[in-house]
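# Structural description and commentary
Residues per chain are reported as follows:
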Amino acid sequence: MTTAILSALVEEQQGLLQLLVNPERVRRGGRSYWRGELQGRNVVLALSRIGKVAAATTATALIEVFGVQRIVFTGVAGGVGAGVQVGDVVVASAFVQHDMDSSPLFPRYQIPQYGRASFDCDPALTALLLEATHEGLTRARGEFHENNLYQNPGVHQGLIASGDRFVSGAAELQVLQNGLLAAGYAPLAVEMEGAAVAQVCFDYGVPFAAVRTISDRADDQAHVDFPTFVKEVASRYALAIVQNLMPML
Ligand code: SAH
């Protein structure tokens, strides 16, 4: 059984690469895929790259070329649900594409020819990821300096919305949320890749689970908060979560 660990950002992958046993780098489609073992489990590490198309390409190659049997995705996201703060973590239960709109031919957000707008994550893999997240955060927290702001991260589980846009304005976010809510979708977070990977995994029947650390609130401050956060917090969370997940698989 080979598990793909898909990272959205270079910083998140660095720690994993250092732990990879018997690493073998394979280049394909302008990307690097790393085969090896993490804590005795066969893995392929890959960067999704940014945006839905790039992430779908990476996910397809992981399945078709590298034969992975499940995909776990880590990344950062903008927190949009009430009480979802910077430094919190969201484990995805499902994904929707907030920029999919074939109306009036199809209901807004519905993906033509699929008859659906959202894709569920695999419940069993997601349950393990949730457990690993709780344990991983306890561990990562212990490594932070006393003055760190993110001492007590909340862990949430729910819908995540993806689209090809870095959402960085309160007004823009309001429009996005109002549209989704009108269709019955209340996302906890927004990002740019997860729904694409969820759709590819749906097509191939490959179990998928995803976790996102909240780097910003998708508001006017988003671009300021983002870079510092990725380096200082998100990469450590992702590493700790994956390290806790591996022995559970
Ligand atoms: N600085 C990065 C690019 C970041 S793009 C680089 O140079 O490679 C933003 C990334 O963070 C995407 O992976 C996206 O999924 C996620 N993200 C974080 N906050 C977001 C927000 N408010 N809106 C959309 N995506 C967000």
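First things first, this report covers the structure right here in the doc. (Residues numbered from 1 in each chain as written. Predicted model: local features only at pLDDT ≥ 70, side-chain atom pairs only at ≥ 80, totals over all residues. Heavy atoms only, no water.)

## A word on the layout of surface pockets
Defined as follows: Method remark: on a 1 Å grid restricted to protein atoms, a set of points is classed as a cavity if a 1.4 Å probe fits but cannot get out and as a pocket if it is open with protein on both sides within 12 Å along at least five of seven lines; lining residues have an atom within 4 Å of a point. Grid points are joined across faces, edges and corners, and a volume is the space filled by probe spheres set on the points. Think of it this way: any DSSP run of H or I at least four residues long counts as a helix, any run of E at least two long counts as a strand, and we number them from the N terminus. Basically, the charged four are Asp, Glu, Lys and Arg, the nonpolar ten are Ala, Val, Leu, Ile, Met, Phe, Trp, Tyr, Cys and Pro, and anything else, Gly included, counts as polar.
Its boundaries defined by the atoms lining it, the largest pocket holds a volume of some 210 Å³. As for the largest pocket, its lining consists of 17 residues, and the residues nearest its centre are Val 76, Phe 166, Glu 191, Met 192 and Phe 226. Of all the secondary structure elements, the ones that give two or more residues to the lining of the largest pocket are strand 5 (70-79), strand 9 (189-191) and strand 10 (208-216). Class assignment for the residues of the lining of the largest pocket results in ten nonpolar, two polar and five charged.

## Some points on the pairing of strand 3 (residues 31-38)
Inclusion rule: Between any two strands, at least two bridges found by DSSP are needed for them to pair.
The sheet contact formed by strand 2 (residues 21-28) and strand 3 spans six bridges and is antiparallel. Across the sheet, Arg 25 pairs through a bridge with Trp 34, a residue of strand 3. Counting the residues between successive antiparallel strands, the hairpin from strand 2 to strand 3 contains two residues, one of them, Gly 29, with a positive phi of roughly 55°. Strand direction decides the pairing type here: strand 3 and strand 4 (residues 41-47), joined by six bridges, are antiparallel. In the strand pairing of strand 4, Tyr 33 is matched with Ala 46. Connecting the antiparallel pair strand 3 and strand 4 is a turn made up of two residues, with Gln 39 showing a positive phi of about 50°.

## Some remarks on the side chain of Ser 215
Definition in use: Contacts described as polar in this section are N or O atom pairs within 3.5 Å, which, within protein, must combine one atom able to donate a hydrogen with one able to accept it, while residues neighboring in sequence count only if both atoms come from side chains. Should any heavy atoms of two residues lie within 4.5 Å, those residues are considered in contact.
Note on placement: Ser 215 falls in strand 10. In this structure the side chain of Ser 215 is engaged in a polar contact, spanning 2.7 Å, whose partner is the side chain of Asp 216. Those residues in contact with Ser 215 that lie beyond four places of it in its chain are Val 76, Ala 77, Val 86, Asp 225, Phe 226 and Phe 229.

## A word on helix 6 (residues 222-245)
Convention followed: To estimate the expected span of a helix, subtract one from its residue number and multiply by 1.5 Å. Two axes are fitted around each residue, one to the seven residues ending there and one to the seven starting there, and the angle between them is reported as the bend at that residue.
With 24 residues, helix 6 should reach 34 Å at 1.5 Å per residue; the first-to-last C-alpha distance of 29 Å falls well below that figure. Taken as a whole, helix 6 carries its principal kink of about 60° at Val 230.

Honestly, it's all geometry; don't read function into it.
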